Amino acid sequence: VDPRRISHHHNSMARKDLLRGLILVALLCAVSGQFFVNLGDKKKEGSGEVDTRAAGGAGGSDVGAAGGAATDQATQLLEDWTAFIKWFRSNGGIISSKLTVKVRNGRQGVYFKERMRRGETIVSFPRNLRLDEKTAMKGKAGHIFQRLKNEDAFPDLIVILHLVHERSLGKDSFWNPYFKLLRTNYNNIMGLTEPQMKTLLRRPGCENTYNLGVMMRRTFNNFYEFYKKNVETWAPPEFLFSRDDLMWGFNTLVTCGWGQQGGNGDKLMVPFSDIPNHRRESAQKASNRGFISAAKEYQAGEELTFDYGLLNDAVLAYYGQPTPDCRGLKR
């Protein structure tokens with residue numbers, strides 16, 4: 001931990017305790033399954049959409065229009081995937097040419113185009129593709145983040161602001177090929193109303209999920225309050241963000257972030273390590289360092305999934321996916 005961050009020792013310790021309370025382990029961007037369903041929704045259907053960049057364009061009952069929108073979405077997704085692969089490899093990474101990305105059953109996933117034998121390399125992560133506090137300091141806005149660090153800002157808030165700022169740059173951001181594969185919104189516990197949270201608490205087996213949700217909401221509120229009082233008052237126009245912007249950054253870091261190797265609770269983002277979907281007891285264990293080789297033989301058309309070590313409480317809270325322990329707001 002940088003010694004400058006402990007200038008106010010009691011505040012730093014309190015913040016660390018708060019961040020540790022989230023028990024965030026290596027997480028993923030897109031988990032399969034149903035999302036939270038609001039009470040009174042007779043259809044009882046989740047959004048099911050992982051890549052929401054094209055959501056909303058295919059609404060209505062025109063089957064032909066919906067089919068055309070789905071085709072456009074698939075085409076755009078392949079273009080984004082191709083651009084990401086090129087970017088990843090140009091920065092020293094390795095991704096097997098046997099992989100592709102598709103949307104099946106309403107969710108985005110990574111699939112094998114052809115058979116892969118056990119032991120073949122799936123991905124090799126370059127050391128320089130890590131989106132964290134260090135990359136924030138090295139960028140053009142490094143002086144902004146250095147001031148935040150000097151003022152003892154939450155380390156994860158620095159990364160969140162880094163994410164949101166880079167996203168706002170669009171094509172001008174170095175990270176744009178990666179961002180285009182990330183979700184643009186999240187239908188998770190952060191979006192529930194207070195009455196819905198109380199209903200969740202009364203549901204069988206949902207107490208732990210509720211408690212995690214309370215901790216997440218409290219942490220975000222602390223981040224947002226710090227931003228309003230200590231950043232927005234002096235930040236340049238390009239760092240004036242809405243609550244929704246910061247909520248996107250928070251959810252992205254929570255669902256895609258990895259803990260730093262030093263175990264200090266700070267988070268970082270590692271491209272591709274968070275793209276395959278989670279499946280409990282998958283043959284492939286998630287990692288963000290070194291390389292990942294095939295743990296078994298894969299057939300063409302089979303999905304690549306990672307076991308991210310998620311507890312059911314986290315699966316429901318972060319992604320709104322009902323679990324055997326707690327079905328959330330589904331009846």
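Analysis parameters
- Residues numbered from 1 in each chain as written.
- Predicted model: local features only at pLDDT ≥ 70, side-chain atom pairs only at ≥ 80, totals over all residues.
- Heavy atoms only, no water.
- Salt bridge = Lys/Arg side-chain N within 4 Å of Asp/Glu carboxyl O.
- Helix = DSSP H or I, 4+ residues; strand = E, 2+ residues; numbered from the N terminus.
- Buried < 20%, exposed > 50% of the residue type's maximum accessible area, 1.4 Å probe, protein only.
- Pairing = 2+ DSSP bridges.
- Arc of directions from axis to C-beta.
- Contact = heavy atoms within 4.5 Å.
- Phe/Tyr/Trp six-rings, centres within 6.5 Å; stacked < 30°, edge-to-face > 60°.
- pLDDT = per-residue confidence, 0-100.
- Core = buried A, V, L, I, M, F, W, Y, C linked by side-chain atoms within 4.5 Å.
- Polar contact = N/O pair within 3.5 Å; in protein donor to acceptor, adjacent residues only side chain to side chain.

A. Layout of the pattern of salt bridges. For the structure shown, the criterion picks out eleven salt bridges. One salt bridge in this structure joins Glu303 and Arg107, with 2.7 Å as the shortest N-O distance. With Glu303 in strand E9 (residues 303–306) and Arg107 in strand E3 (residues 107–112), this residue pair connects regions lying 196 residues apart in the sequence. With respect to class, Glu303 is no different from Arg107; both count as buried. Notably, a salt bridge pairs Arg217 with Glu194, separated by 2.8 Å at the nearest N-O pair. Separated by 23 residues along the polypeptide, Arg217 in helix H8 (residues 207–230) and Glu194 in helix H7 (residues 194–202) bring together distant segments of the chain. When its relative accessible area of 48% is taken as the criterion, Glu194 is described as partly exposed.

B. Looking closely at the pairing of strand E2 (residues 99–104). Bridging between E2 and E3 involves six bridges; their strand directions are antiparallel. Bridge pairing links Thr100 to Tyr111 in E3. Counted along the chain from E2 to the antiparallel partner E3, the turn is two residues long, and its residue Asn105 has a positive phi close to 50°.

C. Fine view of the sheet that holds strand E7 (residues 277–278). Strand order in this open sheet of four strands is E2-E3-E9-E7, and the pairing throughout is mixed. The two strands at the open ends of the sheet, each matched to only one other strand, are E2 and E7.

D. Region of the structure containing helix H4 (residues 142–150). Along H4, the positions that sit buried rather than exposed are Gly142, Ile144, Phe145, Leu148 and Lys149. End-on view of H4: buried residues confined to an arc of 160°, all on one side of the axis. Contacts made by the buried residues of H4 are with helix H3 (133–138) and helix H5 (155–168). One or two positions beyond H4, positive phi appears at Asp152, with a value near 65°.

E. Quick look at the packing of aromatic side chains. Following the criterion strictly, the structure yields 19 aromatic pairs and no others. Their ring planes at 40° and their centres at 6.5 Å tell us that Phe84 and Tyr178 sit as a pair that is tilted. With Phe84 in helix H2 (residues 63–90) and Tyr178 in helix H6 (residues 176–179), this residue pair connects regions lying 94 residues apart in the sequence. Like Phe84, the residue Tyr178 is buried in the burial classification. The interplanar angle of 20° and the centroid separation of 4.4 Å between the aromatic rings of Phe112 and Tyr298 together place this pair among those described as stacked. Highlighted residues: Phe112 in strand E3 and Tyr298 in the loop between strand E8 (291–293) and E9, separated in sequence by 186 residues. Among the aromatic residues, those joined into a ring-pair cluster are Trp81, Phe84, Trp87, Phe88, Phe174, Trp175, Tyr178, Phe179, Trp248 and Phe272.

F. Molecular detail of the sheet that holds strand E1 (residues 94–95). Strand order in this open sheet of three strands is E1-E4-E8, and the pairing throughout is antiparallel. With one partner strand each, in any of the chains shown, E1 and E8 form the two edges of the open sheet. With two bridges joining them, E1 and strand E4 (residues 121–124) adopt antiparallel strand pairing. In the sheet register, Ile95 faces E4, and the bridge partner there is Val123.

G. Focus on the confidence of the model for the protein chain. Per-residue pLDDT for the protein chain averages 79, and the proportion of residues at 70 or more is 77%. Within the model, the stretch residues 1–63 combines pLDDT values under 50 with 149 contacts to residues more than four positions away or in other chains.

H. Region of the structure containing the environment of Phe250. Of note, Phe250 is situated in helix H9 (residues 243–256). Using a relative accessible area of 2% as the deciding quantity, one classes Phe250 as buried. A sequence separation of 87 residues divides Phe250 from Leu163, and the C-alpha atoms of the two residues are 9.1 Å apart. Apart from residues lying up to four places away in sequence, Phe250 is in contact with Ile160, Met190, Met216, Thr219, Phe220 and Phe223.

I. Highlighting the pairing of E9. Burial along E9 is two-sided: Glu303 and Thr305 facing one way and Leu304 and Phe306 facing the other are all buried. Bridging between E3 and E9 involves two bridges; their strand directions are antiparallel. Considered in E9, the bridge of Tyr111 is made with Glu303. Across two bridges, the pairing between E7 and E9 is parallel. Of the residues in E9, the one forming a bridge with Asn277 is Thr305.

J. View of the nonpolar core. In terms of nonpolar packing, the biggest core is built from 82 residues, with Phe84, Phe88, Leu99, Met216, Leu246, Phe272 and Leu304 touching the most fellow members. At eight residues, the largest contribution of residues to this core is made by H8. Not counting chain neighbours up to four residues away, the residues in contact with Leu99 comprise Trp81, Val110, Tyr111, Phe112, Lys113, Ile122, Phe272 and Leu304.

K. Quick peek at the side chain of Thr252. As for its placement among the helices and strands, Thr252 is situated in helix H9. Among the polar contacts made by the side chain of Thr252, one reaches the main-chain carbonyl oxygen of Trp248 at a distance of 2.8 Å. Apart from the residues within four sequence positions on either side, Thr252 is in contact with Leu163, Leu182, Tyr186, Gly257 and Met269.

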